[in-house]
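As a plain string of letters, each chain reads:
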Amino acid sequence: MGGLGQTVIRRTALATAAAFLGLCAVGAAVHAAGIYLGVEAYTLDMTGTWSQVPVALSASFGEIEAMLLDQGVPAEDLAEFSADFDAAMAEIEATLEALPVLVPVPLLALGVEIPLPWVVIDGVRLSVGFLDDRFVRGVASGVAGVEIPEPLVDEAIDVGDDTASLTADVAFSTWMVSVDAVKRLDLVFLGADFFLGADVLWGSITPSVEVDVPEGWSDGVDAALEALHLDEISWRGFGLHAGIGFEVGLPFLRLYAEGRFVLPVGQAIGWWNLHAGELAGALGMVIRF
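Analysis parameters
- Residues numbered from 1 in each chain as written.
- Predicted model: local features only at pLDDT ≥ 70, side-chain atom pairs only at ≥ 80, totals over all residues.
- Heavy atoms only, no water.
- Helix = DSSP H or I, 4+ residues; strand = E, 2+ residues; numbered from the N terminus.
- Expected span 1.5 Å × (residues − 1).
- Buried < 20%, exposed > 50% of the residue type's maximum accessible area, 1.4 Å probe, protein only.
- Contact = heavy atoms within 4.5 Å.
- Salt bridge = Lys/Arg side-chain N within 4 Å of Asp/Glu carboxyl O.
- Phe/Tyr/Trp six-rings, centres within 6.5 Å; stacked < 30°, edge-to-face > 60°.
- Lys NZ or Arg CZ within 6 Å of the ring centre and 35° of its normal.
- 1 Å grid on protein atoms, 1.4 Å probe; cavity = no way out; pocket = protein on both sides within 12 Å on 5 of 7 lines; lining within 4 Å.
- Points joined across faces, edges and corners; volume = space filled by probe spheres on them.
- Nonpolar A, V, L, I, M, F, W, Y, C, P; charged D, E, K, R; others polar.
- pLDDT = per-residue confidence, 0-100.

## Points about helix H2 (residues 47–70)
1) Next: A rise of 1.5 Å per residue sets the reference length of H2, with its 24 residues, at 34 Å; its end C-alpha atoms lie 37 Å apart and thus fit the reference within 8%.
2) Next: Among all positions in H2, only Gly48, Thr49, Gln52, Val53, Pro54, Ala56, Ser60, Phe61, Met67 and Leu68 are buried.
3) Next: On its buried side, H2 packs onto strand E1 (34–45), helix H3 (75–98) and helix H5 (218–226).

## Points about the pattern of salt bridges
Two side chains bearing opposite charge may form a pair once their charged atoms approach each other closely.
1) Next: Under the counting rule described, the total for this entry stands at 14 salt bridges.
2) Next: Here Arg260 and Glu40 are joined by a salt bridge, their closest N and O atoms 3.6 Å apart. Taken together, the positions of Arg260 in strand E8 (residues 253–269) and Glu40 in strand E1 put the pair 220 residues apart, joining distant regions of the chain. Per residue, the accessibility class of Arg260 equals that of Glu40, and both read buried.

## Comments concerning the packing of aromatic side chains
1) Next: Inspection of the entire model under this criterion finds five aromatic pairs.
2) Next: Each ring, one from Tyr36 and one from Tyr256, has its centre 5.1 Å from the other, and the planes form 85 degrees; the classification is edge-to-face. Taken together, the positions of Tyr36 in strand E1 and Tyr256 in strand E8 put the pair 220 residues apart, joining distant regions of the chain.
3) Next: Between the NZ or CZ atom of Arg125 and the centre of the ring of Phe195, over which it lies, the distance is 4.8 Å.

## Points about the layout of surface pockets
1) Next: The calculated volume of the largest pocket comes to roughly 510 Å³.
2) Next: Lining the largest pocket are 23 residues, with Met46, Thr49, Ile205, Ile233 and Leu274 sitting closest to its centre.
3) Next: For the lining of the largest pocket, the secondary-structure elements that each account for two or more residues are H2, strand E2 (102–115), strand E5 (162–186) and strand E6 (190–212).
4) Next: Examining the composition of the lining of the largest pocket, we find that five residues originate from one element, H2, more than from any other.
5) Next: In the lining of the largest pocket, the residues fall into 19 nonpolar, four polar and no charged.
6) Next: Approximately 360 Å³ is the volume found for the second largest pocket.
7) Next: Forming the boundary of the second largest pocket are 17 residues, of which Ile64, Ile157, Val211, Val213 and Val221 lie nearest the centre.
8) Next: Within the residue set of the lining of the second largest pocket, elements represented by two or more residues are H2, strand E4 (153–159), E5, E6 and H5.
9) Next: With four residues, H2 is the single largest residue contributor to the lining of the second largest pocket.
10) Next: In the lining of the second largest pocket, the residues fall into 15 nonpolar, one polar and one charged.

## Brief notes about the environment of Gly34
1) Next: Assignment of secondary structure puts Gly34 in strand E1.
2) Next: Here the alpha-carbon distance between Gly34 and Val112, two residues 78 residues apart in the chain, equals 6.0 Å.
3) Next: Ignoring sequence-local partners within four residues, the contact set of Gly34 consists of Gly111, Val112, Glu113, Ile287, Arg288 and Phe289.

## Quick look at the confidence of the model for the chain
1) Next: Confidence in the prediction for the chain averages 87 pLDDT; 88% of positions are at 70 or higher.
2) Next: Contacts of residues 15–31 to residues separated by more than four positions or lying in other chains number 14 contacts, the stretch itself having pLDDT below 50.

What follows is the structure in structure tokens.
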């Protein structure tokens, strides 16, 4: 009985292993192509950007201070104004030190994977992600029922015996294109992707500020705004990445999540020192066929 029992166990083990390998082969052969829908995110390294904030604010305040001096503001009032600014700057710098260095930038993403009959690579995937302020306003209004003011700021400010007006808004857009060579392990209801690839990304934030001030103040206000470098908030770059992704669900419809480690290769860094970070990821749904 012992020999017969061992034979049965061995045959059962071999049958189980054969079935397991068969499932892997069928899953890999049938479900190689796919369409991805979801949200992906890259990160921005803000290390240098946070350090530029005090520089820009101090330069802008210097222009305002010079303007007030030209307008005949008493020295004691300027001294008090300067002390208030220094106190505010101390709070801002403390806040900046507590902020994270890597900031995620979410994108609405679409990807298509094409199967390849190669031994090492199971497919090539092309994905595109995009986001802008119009989409955010539309989602906030149509889905969440929240109306984002446009412009964001529209205020009247008392300036002595006169009145100034401030109107401010912001526009932004960003996109990323990625190409990956994918190797997949598929067990019908569970899959794992290992991939290497490259990506190109671009982003821009464009604040718009309009100030209507009394006569004699416009030059100083324009100089203060120029010192903030509001027209130089942009980034773009090219990088290589490696990652792993997981899928769970039915063979033809699954949830997926992936993480990437990014090696930036070339970047265009402007005055605000914005550039891509070393982490990225995605979350969404994949349709297999």
